[in-house]
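# Inside the fold
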Amino acid sequence: MVKISEIKFDHLKEPIGIEQIPKVSWIIESDESGVSQKQYQVQLSLTSDFSMLVYDSEWVESSQSTQVSLPELVIETAKKYFVRVRITTLNEERTEWKNTSFITGILNSDQWKAQFITAEAIDDKESSKGTYIRGAFEVKKQVKEAYTFTSALGVYKAYINGEKIGTDELAPGWTSYQNRLMYQTNEVTNLVVQGTNIIGASLGAGWFKGKMGFLDERNNYGDYSAFIGQILVRYWDDTEEWFYTNHSYVGIDSPIVFSEIYDGEIFDSNQEVQNWNTKDANLDHWHPVRTIPWSYTTLVSQPGSRVKVIERIQPKAILITPNQERVIDFGQNLTGWMEFSYQGEKDEELEFQFFETLDKEGNVYIDNLRSAKQTIRYICSDERPFRYHPSFTFQGFRYVHVKKYTAELTCDNFEACVVHSEMELTGYIHTANQDVNQLYHNMLWSMKGNFLDVPTDCPQRNERCGWTGDVQIFCQTALYLMNSYPFLAKWLKDVAADQTAEGGIPHVVPDIVSGKEKDDWLLSQGTHSAAGWADVAVTAPWDMYLTYGDTTILEEQFSSMKAWIDFMHEHSENNIWNYKLQFGDWLALDAQEGSYFGATPNDLTCTAFYANSTHLFSKIAAILDRDELAKYYQNLHKNIVMTFREKFISAFGDLLVQTQTAHILVLKFKLAPVEFEKKIAENLVNLLEKNDGKLTTGFLGTPYICQVLSDFGHEKEAYDLLLRTEFPSWLYQVQQGATTIWEHWDGIKPDGTMWSPDMNSFNHYAYGSIGEWLFATVIGIRADEKSPGFKHTVISPKIDARLGEAKGCYHSPYGDIEVHWKIQEETCLLSIKIPHNTSANLQLDNLSYFREIDKDTSFVLNKGCLNQELVSGTYQFEFQHKK
């Protein structure tokens, strides 16, 4: 039986707040093999019984089941559209309808009439206190449906009649506010009543006006937190009414005495305002709000990937350290906050400080937080029991130092709330090696910990910025692990928004550094356009296109990509590019003592990335039918490569820079003549051997080293690096007890001492970029550039007996792709699942025989190599490698 199991709109399930006509995708399931779509039909209706059709594609002869456009569809503001899809297969089977829905946002900025309002006074510019805002609206008739459209300068939670609207946290998130301020759409039909209704908002400083960035600047975007809200109510008589925030609202200080992203929150329940967001509030001490000017054109809907509490974790233990500190251990380094229950006395104060690791002696270690306090304080107002968690801050932590808490500590009273942007899990890996399994776990949890509205470098110290270099190297791993397309697409719009007039890309996005950097020893040298960092403007859209097959991201980011390539071209000299501050092979182990900068010269790393980004952009231009531009940038790429070879490769094929990273980049970006590639790969192996098999790479070399070794026939050396447990290695961290990826290979040294506290995060996903190789090569699931989005998959696992067994799954736009291999005595068993409406090419080498178990069919090998096309379905194979 054939059925449709899942429908998405622009890669989101049931999005709320769509502002443009979405593209539709669906997944086909069947217990048969070789199922391919012949036709599809899509219908949209304003009613769930589809009695009010607004669109009917009728039967469309097409095999396309992802990113399907809906021509001639017209959508309206604040409407819920019910959608259903069905298909027929080439075997003339027809599915039942699969139903879903989406809700639109405000489609035109002219429809914004509400005002930004603040409860803060003129002299509250330097304050990080919380405030309450409230207003009333009168609903005259029976409600059919109701929607809210809300946002803030700062962070907010909105309520109707005392009930929280939606489940978002830390909304509206962090964007390039002066260019893009997200608003959230929610359906509130069940909250609005006929008669008087109260809308309230709790506000905090957040990223907007609180202290942000490693320069410790505050008021980066403005001086006052403010709320904006519009409510649309539709009645059963088909009339509608809008309500807006305006100067008639009132405000008051909230019991949140202090709240900032880095330092935490102070909540004084003595200042709580009873029933503040209901009709029963006493308004004696409330005061009129002020309006704050802000452009409506910046308001952009956020239909998905919103920040939420995703899961909850119970404590693993209560510890007493040698210094007699009371500590709660949650057993997992995470990002979020702690929720707790308590019953105290009036004016009793509770205090908790959050941190990542214990020191060598087992005591609280907070030095790596730098100036971030990560502290929560709660002041009791009476003896009634309560449950609390902070509202407008988050912490990066595994441990909690209980500094003030008079009751007995029991695990039942505490819970860690894991907070990040909502993204479904799409990639899974499990092997016979438990350390490798933990490495997968650590990659995933570092992604969770740092994909909180912005892809941050770390979630704990006074930084937590969107460093472009970290995303650039981790992007493909992220796309394997979770459905991060909406998250990354949102952030890339801020990359474009914060781009310099010349086309330079800031080191951090949103850019809170430029213009404030003069006193910083490093960033005073330059705040934008570092090779391997800024190239995210090109490489991330390309990775997203390969993974999802959606050209939308290429079209949306095309101008930004082109401006970046042109910037490099403008600032290059004879095709060699270098510019102001370059991080180079950051944190490489071949750096000079006391330096963060690796030994590979900037001229090489810069020009290598210049060539690669230009090459990718020329392909993107061709995909989008910009033929003249494609030809121009193809020629530019050829010229860059020619110059690179003249400067960095000898006539005999030897690199003139003898670092591991130089060899890796030359091979990864195909910068050497083909006839020299084997020699360069062998020399890379020699460099590893000279260093006792240890890598010396940093940010620019590490992500690619295993893939490059595997691509050039050195799978053993790649696995050597993976399975190594001594420093420096991925599994060294695992054996040291890591539950996330560290910033430094030896964040904790073998003797238990710490790396320098000025830069020693224990939740830093960048080196988790090894995940791309694990999925693409160990499991063997790779997208085919000629048929992207896994419409056609290349399955080519590289198998090593030391690992014993590996299985993995990637939930592609077409469904699950699964690969499972297992060494069994002299043979290897291989199971494969290929989703319907797709095909795959199975590639294996060095085989003595290969057969399909169920059919007992042997395959013809070409010099020990298999290259076999497979239709959708499940397969069981057995093979043996040559000895």
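These lines cover the structure that appears in this document, whether it is placed above or below. (Residues numbered from 1 in each chain as written. Predicted model: local features only at pLDDT ≥ 70, side-chain atom pairs only at ≥ 80, totals over all residues. Heavy atoms only, no water.)

### Observations regarding helix α11 (residues 702-711)
The buried fraction of α11 is high, at nine of ten residues. Every buried residue of α11 is accounted for by T702, P703, Y704, I705, C706, Q707, V708, L709 and S710. A positive phi of about 85° marks G713, the residue just after α11. (Buried < 20%, exposed > 50% of the residue type's maximum accessible area, 1.4 Å probe, protein only. Helix = DSSP H or I, 4+ residues; strand = E, 2+ residues; numbered from the N terminus.)

### Points about empty space enclosed by the protein
Applying the stated rule across the entire model yields five cavities of 30 Å³ or more. Looking at the largest cavity, it is lined by 14 residues, and the ones nearest its centre are K8, H11, Y548, S812 and P813. Mapped by element, the contributors of at least two residues to the lining of the largest cavity are β1 (2-9), β3 (24-30) and β41 (805-812). The residue makeup of the lining of the largest cavity, split by class, is five nonpolar, seven polar and two charged. Those elements giving two or more residues to the lining of the second largest cavity turn out to be β12 (155-160) and β14 (181-187). Here the element with the most residues in the lining of the second largest cavity is β12; it accounts for three residues. (1 Å grid on protein atoms, 1.4 Å probe; cavity = no way out; pocket = protein on both sides within 12 Å on 5 of 7 lines; lining within 4 Å. Points joined across faces, edges and corners; volume = space filled by probe spheres on them. Nonpolar A, V, L, I, M, F, W, Y, C, P; charged D, E, K, R; others polar.)

### Comments concerning the nonpolar core
The biggest cluster of nonpolar side chains holds 216 residues, and the ones touching the most others in it are W207, F340, F352, W730 and L842. If you tally residues by element for this core, the top one is helix α7 (residues 602-623), at ten residues. Apart from residues no more than four positions distant in its own chain, F340 is found in contact with L350, F352, Y378, F386, R387, Y388, N413 and F414. Residues F137, L191, L203 and F243 belong to the second largest nonpolar core, which totals 26 residues. (Core = buried A, V, L, I, M, F, W, Y, C linked by side-chain atoms within 4.5 Å. Contact = heavy atoms within 4.5 Å.)

### Focus: the pairing of strand β15 (residues 195-204)
Buried residues dominate β15, accounting for nine of its ten residues. Bridge count for strand β10 (residues 131-139) against β15 is nine bridges, and the pairing is antiparallel. Counterpart to V139 in the pairing with β15 is G195. In the sheet, β12 pairs with β15 via six bridges, with the strands oriented antiparallel. The residue bridging I160 from the neighbouring strand is I199, located in β15. (Pairing = 2+ DSSP bridges.)

### Here we look at unusual backbone geometry
Note that the residue after A171, namely P172, is joined by a cis bond; omega there is 5°. For the bond from F727 to P728, the omega torsion is -5°, close enough to zero to count as cis. Within the element layout of this structure, P728 appears in the loop between α12 (715-723) and α13 (730-735). Within the chain, L170 stands out as a residue other than glycine whose phi angle is a positive 55°. Structurally, L170 can be placed in the loop between β13 (163-164) and β14.

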